[in-house]
Amino acid sequence: MKRLFISLYLLLSLSFLGIGWTLDSIWQNNVDDSGVQDAPLIALAQLIGKLPAAEREAYLAQLSTRETYPLRLLSKAQVAINQDESLGRDSVLITAPDEQHELHFIEVDDQQLLMAGPIEIDPREQLRGLFTLFFYLSLALVALIWVWPLSRDLKTLRLATKAFGQAKWDTQIQLSSRSQVQPLASTFNEMARHISALIENQKHLSNAVSHEIRTPLARLKFALALVPQYCAPDSDPAQRQAFLDEMQQDVKEMETLLQELLTYASLESQQQDMEFECCELTKLTQQTISRLQNRHDTPIYFDEQTPELKVMGDPSLIERALQNLIINAQRFAQSRITIAIGQDNKSVQLKVIDDGPGIAAVDQEKIFEPFYRSKVVQNGNKGHGLGLAIIKRIMHKHNGRVSLASEPGSTVFTLSWPRINASRQRKSQTGT
């Protein structure tokens, strides 16, 4: 704070001093004219100069002058004048015999001078230094009033940055809305929240991966120990094949987990300003349904007469989000899955509805977190807990959102995208 205050104070002081000195010099050289004040004395000297020398003293004595402004006629020989000073009949020479008085000289003729004084200098001139000091102290006070809140807020930022560097990831800065560094504090808070979320997510992912991969890995280790028994020449071929199928299933489970992790991580690393294209949502939905329908017995109902709706996005990511929702619905649906597409004034919605047992209220707020799986519903819950988390990130990339409404017999997942304005849609259709 001291360095900031001193630098600002010196800057303001030197600026005011330089500007004031420059303006004062310009005024003295070009504007200020002391001739107006000296005009009476010049006129008197010229009047006396026209009188005979013998009558000048008497004439000067007849003038009623105040004691504060005495007048005298002197011979030039009585006055010592410096070489760099000159006397004239149209200008006044001012000298100061002491700090309180000054003398005014003007030439009457070649032999005599008219002297006014000693004249007492205005005592208020002595206060000029005090007023100057008061001015700079006031300037320092103004600078302090301006710098102190800024310095205090910068100190808060510095302490918060230091705390964040010490792995206190929940550090947040609280500043007044009138603070000059409030935008910087808001940016810091947003950065801190993002980094904290990334670190917590990384920890969660590391713990979850180690837990998720430990089970199939342990089964593989156990299966490898049993290889000599099941793969002996005299072993039962059916048991041997079943044994190998279980090993392949474990390998496939780990591959699926790693693939889900790579997808989830890639969605985090992708830039926010991705280049999207105009996607035909109805067509993408039909393609995804036809690909997944044959993998499960539960029928998927979709109105083929649904009008074509378009959204801005990445077709592969949109299809991936829809695929995850359908696969999730196939795990829990009792008899049917329904997919519906619609729109309102602000958004385009795609809903995936199943008639399963529903999701408990305690799980609905956490269902989109990575590796979170319901502890209530266990039937068919064999996923890794990344499918819905991937959907949430995909929708975030598209400036959309995913929502859930669930009760026994009806679970509805809704994907929402911002509507495309008419001019933007025409551009996408013309390819311009």
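Note on numbering: residues in each chain are counted from 1, in written sequence order. With pLDDT at 70 or above as the cut-off, local features in this predicted model cover only qualifying residues; side-chain atom pairs require 80 or more to be listed or tallied, and sums for whole chains, interfaces and linings still use all residues. By convention in this description, side-chain values take in all heavy atoms of the structure and omit both hydrogens and water.

- As annotated in an unreviewed UniProt entry, the protein is histidine kinase from Shewanella insulae.
- UniProt positions are given in the numbering used here, feature names are shortened, and annotations may be inferred rather than shown by experiment. The heading Catalytic activity (unreviewed entry) in the UniProt record of the protein holds the text "ATP + protein L-histidine = ADP + protein N-phospho-L-histidine."

### Examining the sheet that holds strand E11 (residues 410–418)
1) Next: For two strands to be treated as a pair, DSSP must find no fewer than two bridges joining them. Runs of E in the DSSP output that reach at least two residues are strands. Runs of H or I that reach at least four are helices, and both are numbered from the N terminus. Taking strand neighbours across the sheet as the criterion, the five strands line up as E6-E8-E9-E11-E10 in an open arrangement whose pairing is mixed. With partners counted over all chains shown, the strands left at the sheet margins are strand E6 (300–302) and strand E10 (401–407), one partner each. Averaged over all neighbouring strand pairs, the angle between strand axes comes to 20°, with direction disregarded.
2) Next: Summarising the sheet, E10 and E11 pair through seven bridges and their orientation is antiparallel. Paired with Ser403 across the two strands is Thr414, which belongs to E11.
3) Next: Sheet strands touched by helix H11 (residues 387–397): E10 and E11. Its angle to E11, the strand with the most contacts, is close to 25°. Interaxial angle, 0 to 180 degrees, is taken between N-to-C directions of lines fitted to C-alpha atoms, where a helix line uses only the stretch in contact. Here, residues are in contact when the closest pair of their heavy atoms is within 4.5 Å.

### What to know about the confidence of the model for the protein
1) Next: Scored by pLDDT, the protein has a mean of 78; 83% of the residues are at 70 or more.
2) Next: On a range of 0 to 100, pLDDT expresses the predictor's confidence in each residue. Long-range and interchain partners of residues 426–432, a stretch whose pLDDT sits below 50, account for three contacts in this model, where long-range means more than four residues apart.

### Some thoughts on the UniProt feature "transmembrane region" (unreviewed entry) in the protein
1) Next: According to UniProt, the positions carrying the feature "transmembrane region" (unreviewed entry) are residues 130–148.
2) Next: With 100% helix and 0% strand, residues 130–148 has its two end C-alpha atoms placed 26 Å apart.

### Regarding the nonpolar core
1) Next: By convention a nonpolar core is built from buried Ala, Val, Leu, Ile, Met, Phe, Trp, Tyr and Cys residues, the set being connected through side-chain atoms within 4.5 Å. Think of it in three bands: with a 1.4 Å probe and only protein chains considered, a residue is buried below 20% of the maximum accessible area for its type, exposed above 50%, and partly exposed in between. Leu281, Ile339, Leu350, Val352, Ile391, Leu415 and Trp417 are the most contacted members of the largest nonpolar core, which totals 45 residues.
2) Next: Of the residues forming this core, the biggest block, seven residues, is contributed by helix H9 (residues 315–332).
3) Next: What fixes the domain bounds is an automatic or database domain assignment. The residue makeup of this core includes at least three contributed by each of domain 2 (169–272) and domain 3 (277–429).
4) Next: Not counting chain neighbours up to four residues away, the residues in contact with Ile339 comprise Thr285, Ile289, Ile300, Tyr301, Phe302, Asp303, Ile326, Leu350, Lys351 and Val352.
5) Next: Judged by nonpolar contacts, the second largest core, of 14 residues, contains Leu44, Ala45, Leu60 and Val108.

### As for the side chain of Glu107
1) Next: Relative to the helices and strands, Glu107 is located in strand E3 (residues 101–107).
2) Next: According to the relative accessible area criterion, Glu107 is buried, its value standing at 13%.
3) Next: When near neighbours in sequence (up to four residues on either side) are disregarded, Glu107 contacts Ala45, Lys76, Gly88, Arg89, Gln112 and Leu113.

### Description of the side chain of His398
1) Next: Mapped onto the fold, His398 is located in the loop between H11 and E10.
2) Next: Take His398: its relative accessible area is 3%, and that puts it in the buried class.
3) Next: What His398 contacts, discounting residues up to four positions off in sequence, is Phe276, Met312, Gly313, Asp314, Leu317, Ile318, Trp417 and Pro418.

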